[in-house]
Amino acid sequence: MLFRSEDSEEMRYLKGRRTALGGSLPSRRMQAPALEVPPLSTFKPLLEASGDREISTTMAFVRLLGILLKDKHIGKHIVPIVPDEARTFGMEGLFRQIGIYSSVGQLYTPQDADQLLSYREDIKGQILEEGINEGGAMCSWIAAATSYANHGTHMVPFYIYYSMFGYQRVGDFMWAAGDLRAKGFLLGATAGRTTLAGEGLQHQDGHSQLLMSTIPNCVSYDPAYAYELAAIIQDGLRRMYVDQESVYYYLTVMNENYAQPALPEGATDGILKGMYRLEQRPGTLRATLFGSGTILREVRAAAEMLEKEHGVAADVYSVTSYSELRREALAVERTNRLHPTATAAKPYVAEALAAQDGPFVAASDYMKIVPDQIREWVPGRYVVLGTDGFGRSDGRAALRSHFEVDRYHVVVATLKALADDGKIAPDLVEAALKKYGID
């Protein structure tokens, strides 16, 4: 073997290249220059009431994405990723605005060329359109989500897909993303087991919130309103790209259209922590209801029915994340356990509900085990309604009746809990069953 002296031309070159590559041992750059994240007020259209206009949270997300893409500071860092379903999600407007990336540009005439918002590929395009290929789309997301470590530049990937085609189909990649300390947003669209009417087993998702909660550094939310979505994404941008936290986000969005209310004053902190009180009613006979996603609207309707038809004053909480509530509560309990002589802290969920009257009834478009995650810290009888079982092809109202998560079942569950607590007679529950035609 031929040895060279330390100051030889060859050794100086080799050492210089090794230094340029970061040293003799593999290393990971965990910091990149922070991005300038827009304040929450930037998303003003989503924080205000939509009036008579009804939109889904999926469409609210597309509007939010458009705002980010136009932002002069962060816009060029945004990476929209979609596997074949751009039109389903209402994203075709982005074809003309920013184009679909192709390394060779547009080499053919698309079938929809005669339409205003036709499919447009461009060498400067910003959308990654991966075809019917969730695995490929997820790998593209991981590449963008780890660019801060591999290239020293933050990219902000938003991968939107049918929620059933996420962890259920490419869960290994999603776990790997956590292991790789990826940063970005996954959007499980057409989420919930009763929201996408008529699709049966193929698309009805009742468990993605549970599956994503298994990834330690994945922050999961199930927002019901556009303002919740905006608050969560804005704070996620801050946490990942300003404070450089090693987390990524999973958000479920739905395709059901309804009027979007305005952001209630002082609600932002509760939205981010996982729950906040949305409605409060005066009365002697009381209960507390939890709702999430599209089922929050059923819960709010149930609260109105309880007041008008049964004389029950029901407060309503919007629960944006059962998994985040649980994680925070477990962290507080661990701190208390390891500091036995200090004054014990209270988990946020226990603190938020300390002054609330039970019983407590939760309903969501997910399996019962999702809202059941906080049972330990609910200060009273806790009844959970969810969508356990397989999906089926039917309309939303029929599906919610089948899974027993509609307003009528929320009312009956509340009355039964009140009867079990000895606050009303069981005959009143029987009468409600007959009144609402529940067999």
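Up top is the structure these notes are about.
Along each chain, residues carry numbers from 1 onward, in the same order as the chain's sequence is written. It should be noted that, the model being predicted, local features are given only for residues of pLDDT at least 70 and side-chain atom pairs only at 80 or more, the latter also being counted only at that level, while totals for whole chains, interfaces and linings use all residues. The side-chain figures draw on all heavy atoms in the structure; neither hydrogens nor water molecules are used.

*Asks:* Go over the nonpolar core, please, and point to the residues and values.
*Replies:* For soluble globular proteins, the rule of thumb is that nonpolar side chains tend to be buried together. Joining through side-chain atoms within 4.5 Å is the link that ties buried Ala, Val, Leu, Ile, Met, Phe, Trp, Tyr and Cys residues into a set, and such a set is a nonpolar core. Only protein chains enter the area calculation, which uses a 1.4 Å probe; residues under 20% of their type maximum are buried, those over 50% are exposed, and those in between are partly exposed. If you look at the biggest cluster of nonpolar residues, it comprises 86 residues, and the most contacted ones within it are Phe158 and Phe185. Only heavy atoms matter for contacts: two residues are in contact if any of them lie within 4.5 Å across the pair. Not counting chain neighbours up to four residues away, the residues in contact with Phe185 comprise Trp141, Val156, Pro157, Phe158, Tyr159, Ile233, Gly236, Leu237, Met240, Tyr249 and Leu251. Judged by nonpolar contacts, the second largest core, of 22 residues, contains Ala329, Val349, Ala350 and Trp377.

*Asks:* Hey, could you go over the sheet that holds strand E15 (residues 382-385) for me, with residue numbers and the actual values?
*Replies:* Strand pairing in a sheet takes place through backbone hydrogen bonds and is either antiparallel or parallel in direction. Here, any two strands with at least 2 DSSP bridges between them count as paired. The numbering of helices and of strands both runs from the N terminus, where a helix is a DSSP run of H or I of at least 4 residues and a strand a run of E of at least 2. Strand order in this open sheet of 5 strands is E11-E13-E12-E14-E15, and the pairing throughout is mixed. Looking at the sheet topology across the chains shown, the edges are occupied by strand E11 (275-279) and E15. Across the sheet, the mean angle from the axis of one strand to that of its neighbour is 25 degrees, orientation sign disregarded. Sitting on the sheet, helix H11 (residues 295-310) touches E11, strand E12 (286-291), strand E13 (313-319) and strand E14 (360-363), and the angle it makes with E13 is about 170 degrees. Each axis is a line fitted through C-alpha atoms, and for a helix only the stretch in contact is used; angles between axes span 0 to 180 degrees, taken between their N-to-C directions.

*Asks:* So, the state of the cysteines: which residues are in play, and what are the values?
*Replies:* Every disulfide links exactly two cysteines, by a covalent bond between their sulfur atoms. The disulfide definition used here is simple: a pair of cysteine sulfur atoms within 2.5 Å. All told, the structure shown has 0 disulfides when counted by the stated rule. You can see Cys139 has no disulfide; the closest cysteine sulfur is in Cys218, sitting 17 Å from it. Owing to a relative accessible area of 36%, Cys139 belongs among the partly exposed residues under this scheme. Judged by its relative accessible area of 1%, Cys218 is buried.

*Asks:* Give a detailed account of a nonpolar patch on the surface, specifying residues and quantitative values.
*Replies:* Like-charged residues within 9 Å of one another, or nonpolar side chains (Val, Leu, Ile, Met, Phe, Trp, Tyr) within 5 Å, are grouped into patches, provided each residue has over 30% relative accessible area and no salt bridge. Per-residue accessibility takes into account occlusion by the displayed protein chains alone, with areas from the Shrake-Rupley method and a 1.4 Å probe. Criterion for a salt bridge: a side-chain nitrogen of Lys or Arg within 4 Å of a carboxyl oxygen of Asp or Glu. Together, Val104, Leu107 and Tyr108 make up a nonpolar patch on the protein surface, roughly 330 Å² of accessible area in all. Take Leu107: it is sitting in the loop between strand E3 (100-101) and strand E4 (121-122).

*Asks:* A description of the sheet that holds strand E5 (residues 128-129) should follow, citing residues and the corresponding values.
*Replies:* If you trace the 6 strands from one edge of the open sheet to the other, you get E5-E2-E6-E7-E9-E8, paired in parallel fashion. The sheet is open, and its two borders are formed by E5 and strand E8 (218-221), each paired with just one other strand. The pairing of strand E7 (residues 185-189) with strand E9 (residues 248-252) spans 4 bridges and is parallel. By the bridge assignment, Leu187 is partnered in E9 with Leu251.

*Asks:* Quick rundown of the packing of helix H5 (residues 134-145) against helix H7 (residues 167-179)? Include the residues and the values.
*Replies:* Direction vectors running N to C along H5 and H7 enclose 10 degrees, while the axes themselves pass 9 Å from each other. What the angle tells us is that H5 and H7 run roughly parallel. Contacts from Glu134, Gly135, Met138, Cys139, Trp141 and Ile142 in H5 reach Arg169, Val170, Phe173, Met174 and Ala177 in H7. Note on angle classes: values under 35 degrees are labelled roughly parallel, values over 145 roughly antiparallel, values of 65 to 115 roughly perpendicular, and the remainder oblique.

*Asks:* Break down helix H1 (residues 9-20) for me, with residues and values.
*Replies:* Expected helix span is computed as 1.5 Å times (number of residues minus one). Its 12 residues give H1 an end-to-end C-alpha distance of 16 Å, which sits within 8% of 16 Å, the value for a rise of 1.5 Å per residue. Among the 12 residues that make up H1, 0 are buried, leaving the element largely open to the surroundings. Looking at the residues trailing H1, positive phi occurs at Gly22, about 110 degrees.

*Asks:* Give me unusual backbone geometry: which residues, what numbers.
*Replies:* Across the junction of Gly358 and Pro359, the peptide omega takes the value 5 degrees, indicating a cis bond. The topology assignment puts Pro359 in the loop between helix H13 (348-353) and E14. Residue Thr190 is not a glycine yet carries a positive backbone phi of 45 degrees. Checked against the element boundaries, Thr190 lands in the loop between E7 and helix H8 (208-212). With a phi close to 65 degrees, Glu404 is a non-glycine residue in the positive phi region. Locating Glu404 in the fold gives a position in the loop between helix H14 (396-402) and helix H15 (407-420).

*Asks:* How would you sum up the packing of aromatic side chains? Please name residues and give values.
*Replies:* Ring pairs are drawn from Phe, Tyr and Trp, using the six-membered ring of Trp, whenever the two centres fall within 6.5 Å, and their geometry is named by plane angle: stacked under 30 degrees, edge-to-face over 60, tilted for the rest. Under the counting rule described, the total for this entry stands at 13 aromatic pairs. Ring geometry for Phe158 and Phe185: centres 4.7 Å apart, planes at 5 degrees, overall stacked. Here Phe158, found in strand E6 (residues 156-162), pairs with Phe185, found in strand E7; they are 27 residues apart in sequence, far enough to count as distant. You'll find Phe158 and Phe185 in the same group, each marked buried. Aromatic side chains Phe290 and Tyr382 sit 5.9 Å apart centroid to centroid with 55 degrees between the ring planes, which places their arrangement in the tilted category. With Phe290 in strand E12 and Tyr382 in strand E15, the pair connects residues that are 92 residues apart, well separated along the chain. The same class applies to Phe290 and to Tyr382, which are both buried. One aromatic cluster is present, formed by Phe61, Phe158, Phe185, Tyr221 and Tyr249 through successive ring pairs. Each ring is checked for a lysine NZ or an arginine CZ that lies within 6 Å of its centre and within 35 degrees of its normal; such an atom marks a charge sitting over the ring. We note Arg169 situated over the ring of Phe165; from NZ or CZ to the ring centre the distance is 4.0 Å. Over the aromatic face of Tyr148 sits the side chain of Lys183, whose NZ or CZ is 4.3 Å from the ring centroid.

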